[in-house]
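# Survey of secondary and tertiary structure
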Amino acid sequence: MTTASTLKPRADSSAHKSVERILNMPAANAASPWYKHLWPWIIIAILACSVALTLSMVTIAVNNPDNLVNDNYYEAGKGINRSLDRELLAQTLKLRAAVHLDDVTGEVDLRLNGDSQPQTLELNLISPTQPEKDRKIVLTRSGSESGRYIGQLSDKVEGRRFVELLGSQDEHVWRMFEEELVSHDKELLLGDEPLQGAEDLKN
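Presented here is an overview of the structure given in this document. (Residues numbered from 1 in each chain as written. Predicted model: local features only at pLDDT ≥ 70, side-chain atom pairs only at ≥ 80, totals over all residues. Heavy atoms only, no water.)

### Overview of the overall build of the chain
This is how it is decided: Here a strand is any run of E in DSSP of at least two residues, a helix any run of H or I of at least four, and the numbering for each starts at the N terminus. Between buried and exposed lies partly exposed: a residue is buried under 20% and exposed over 50% of the maximum accessible area for its type, with that area taken using a 1.4 Å probe on protein chains only. Residue contacts are defined here by distance: any two heavy atoms, one from each residue, within 4.5 Å place the two residues in contact. What sets the accessible areas is the Shrake-Rupley method with a 1.4 Å probe; for residues, cover comes only from the shown protein chains.
Counting its regular elements, the chain contains six helices and eight strands. Each helix (α) and strand (β) of the chain, taken in turn from the N terminus, gives the series α-α-α-α-α-β-β-β-β-β-β-β-β-α. The buried share of the chain, taken over its 203 residues, is 29%. Within the chain, contacts between residues at least 6 apart in sequence are counted, and of these 56% link residues at least 24 apart. For the chain, the accessible area works out to roughly 14,000 Å², and carbon and sulfur atoms hold 55% of it.

Here you go:
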C-alpha cells in the first residue's frame, strides 16, 4: 500500500522536471529573431524599391540632359529674343519660297522668287522639342532653271517644324522663318505670312 510519504517525493520530482523544462525552453519561443518576422522584410522591400527608383531616375537624368540653347534659331523658334534683322532683309528683298519634299527619292525642290539668287541656300527643319530630329539641307542653284534649288533629304521628315531658310545678298545673310506642318505631300510656303515683331524693331 502506497503511503503519503512515498507519493510526496514523486510529486516533488515531477514539479522539478516541469520547472527545468520551462527554464530550458529555447529563446526563440519567447522572442523570435527579427528575420523570422514578415513586417521587417516588407519595410526593407519598400526601401529597396525607393532606392532603385531613385537611382534609375538619376541615371535617366544623367544620360538624357536638357539640350542647351546654342544658336539663335532655337530661341527664335520659341519666341525668345528673336533677332529680326535678317528676316527684315528677306522682306526687303521681297523673297518668297515654295518647298517640296519628294516622298520617294528624298529630293528637296525649292523655288525662290525675289531680288536675291545666291549660289546656295541652307534649309533647316527644326523640331520644337527634339533637337536630334533637326535636319539641315544644303540647296544648290540649278544651272538650267532660274530660281530653282535642289537638295537631298536623308530620311523622311513629318510633323510640326520650324522651317528656316538662309541665304546671302551682298555679304549680308537673310532669313525666312516660319512654323509649318511638314509632310511629303504638301508644299511649304515661306514668306507668305506677315513678320511679327517687325514694327517694334523698326520703332
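### Considerations on a nonpolar patch on the surface
Quick reminder of the rule: Only residues above 30% relative accessible area that lack a salt bridge enter a patch, with like-charged residues linked at up to 9 Å and the nonpolar side chains Val, Leu, Ile, Met, Phe, Trp and Tyr linked at up to 5 Å. Put simply, a salt bridge is a Lys or Arg side-chain nitrogen that is within 4 Å of an Asp or Glu carboxyl oxygen.
A grouping of Trp-34, Tyr-35, Trp-41 and Ile-44 is seen on the molecular surface, where their side chains present a nonpolar patch of about 470 Å² in accessible area. Tracing the sequence through the fold places Tyr-35 in the loop between α2 (27–30) and α3 (38–63).

### A word on the sheet that holds strand β3 (residues 120–126)
Each strand in a sheet pairs with its neighbour through backbone hydrogen bonds, running either in the same direction (parallel) or in the opposite one (antiparallel). The condition is simple: Pairing between strands is defined by DSSP: at least two bridges between the two strands are required. With axes taken as lines fitted to C-alpha atoms, and helix axes fitted only over the stretch in contact, angles between N-to-C directions fall between 0 and 180 degrees.
The strand order across the open sheet formed by eight strands is β7-β6-β3-β4-β5-β2-β1-β8, and the pairing between neighbours is antiparallel. One side of each edge strand has no neighbouring strand; the edge strands of this open sheet are β7 (172–182) and β8 (188–190). Geometrically, the sheet is characterised by an average inter-axis angle of 25° between neighbouring strands, direction not taken into account. Note that strand β2 (residues 107–113) and strand β5 (residues 148–152) share five bridges and pair antiparallel. By the bridge assignment for β5, Asp-109 is matched with Ile-150. The strands touched by helix α5 (residues 85–92) are β6 (159–169) and β7; relative to β7, the strand with the most contacts, the crossing angle is about 90°.

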